[in-house]
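Chain and residue survey
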Amino acid sequence: KQEVTQIPAALSVPEGENLVLNCSFTDSAIYNLQWFRQDPGKGLTSLLLIQSSQREQTSGRLNASLDKSSGRSTLYIAASQPGDSATYLCAPLRYQAGTALIFGKGTTLSVSS
Amino acid sequence: DTGVSQDPRHKITKRGQNVTFRCDPISEHNRLYWYRQTLGQGPEFLTYFQNEAQLEKSRLLSDRFSAERPKGSFSTLEIQRTEQGDSAMYLCASSLEYSPGELFFGEGSRLTVL
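The text that follows walks through the structure, step by step, so that each part is easy to find. (Residues numbered from 1 in each chain as written. Chains lettered and ligands numbered in written order. Predicted model: local features only at pLDDT ≥ 70, side-chain atom pairs only at ≥ 80, totals over all residues. Heavy atoms only, no water.)

1. Side note on the overall build of chain B
Regarding its fold elements, chain B presents 0 helices and 11 strands. In chain B, the succession of α and β elements from N to C terminus is β-β-β-β-β-β-β-β-β-β-β. For a compact globule of 114 residues, the expected C-alpha radius of gyration is about 13 Å, and chain B comes in at 13 Å, within 12% of that figure. Dimensions along the principal axes, computed over C-alpha positions, put chain B at roughly 40 × 25 × 25 Å. For chain B, the proportion of its 114 residues judged to be buried stands at 49%. (Helix = DSSP H or I, 4+ residues; strand = E, 2+ residues; numbered from the N terminus. Rg over C-alpha atoms; globule rule 2.2 N^0.38 Å. Buried < 20%, exposed > 50% of the residue type's maximum accessible area, 1.4 Å probe, protein only.)

2. Examining the sheet that holds strand S3 (residues 19–24) of chain B
Residue and element names in this part refer to chain B. A sheet is described by the order of its strands in space; here 4 strands give the open sequence S1-S3-S8-S7, paired in antiparallel fashion. At either margin of the open sheet sits one strand with a lone partner, and together these are strand S1 (5–7) and strand S7 (65–68). Looking at each pair of strands side by side, their axes are set apart by 15° on average, direction ignored. Here S1 pairs with S3 via 3 bridges, running antiparallel. Along S3, the bridge assignment pairs aspartate 7 with arginine 22. (Pairing = 2+ DSSP bridges. Axes fitted to C-alpha atoms, helices over the stretch in contact; angles between N-to-C directions.)

3. Focus: the pattern of salt bridges
All names here are of chain B. Evaluated as defined, the whole model comprises 5 salt bridges over all chains. In this structure, aspartate 24 engages arginine 22 in a salt bridge whose closest nitrogen and oxygen atoms are separated by 2.7 Å. Classification of arginine 22 as partly exposed rests on a relative accessible area of 35%. The shortest N-O distance in the salt bridge between arginine 64 and glutamate 83 comes to 3.4 Å. Separated by 19 residues along the polypeptide, arginine 64 in the loop between strand S6 (53–57) and S7 and glutamate 83 in the loop between strand S8 (75–79) and strand S9 (88–95) bring together distant segments of the chain. (Salt bridge = Lys/Arg side-chain N within 4 Å of Asp/Glu carboxyl O.)

4. Some points on the sheet that holds strand S2 (residues 10–14) of chain A
All names here are of chain A. Spatially, S2-S10-S9-S4-S5 is the arrangement adopted by the 5 strands of the open sheet, whose pairing is mixed. Among the strands making up the open sheet, the edge pair consists of S2 and strand S5 (44–51). Across the sheet, the axes of successive neighbouring strands diverge by a mean angle of 25°, strand direction being ignored. Here strand S4 (residues 30–38) pairs with strand S9 (residues 86–94) via 8 bridges, running antiparallel.

5. A word on unusual backbone geometry
In the segment running from isoleucine 7 of chain A into proline 8 of chain A, the intervening peptide bond is cis, with an omega of -5°. Inspection of the secondary structure assignment puts proline 8 of chain A in the loop between strand S1 (4–7) and S2. In this model, alanine 79 of chain A sits at a positive phi of 45°, which is unusual for a non-glycine residue. For alanine 79 of chain A, the position within the fold is in the loop between strand S8 (72–77) and S9. Take alanine 79 of chain A: its relative accessible area is 37%, and that puts it in the partly exposed class. Positive phi values are uncommon outside glycine, yet arginine 81 of chain B reaches one of about 50°.

These values are about where atoms sit, not about what they do.
Written as structure tokens, this is what we have:
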């Protein structure tokens, strides 16, 4: 059974800092991995999708890397802004017949101005 | 297309009542998923449909829960005889069959059982 762990659970930083969010998963036989953002009381917004054949994806100030063999992914946020404050969730998709994403508990980020 | 829409956004009910949530996916998406999320936790998979067929159900989906997607478009999630432990955000997502994992989520339906 896939288990997903995200560290740290919460993070507070001043505006402008670069930061790294970590995601680890127990079953490395994944098809892809997705990072989502969730604002309080809202649904999830996809940030980056990394295919298993890729090592990283970039979108603006966000960069996500994937190391399947070690079961790890990181989300790097450059020059953080108060608008980045949200919960960040990672979700690997397993190869098997079921296609459900398995989520970690997320990292709650607070960026102060 | 405005994305995945869910209705109602908030529902407060008394224990023992039945509630139903509706999800309208992105129009060309043939896969539809239901997740449940409690405070401080990540979303937990409940069930998913490909067109009108319900292809997978989680063990979390007890006998009191039933989901349908009769015409392969919108879906409903019904909870019978609600319990306080059912209080959660119920999230719907949709995707294309050939883009597995690339899910688009709705804003969710928050259920409070008193």
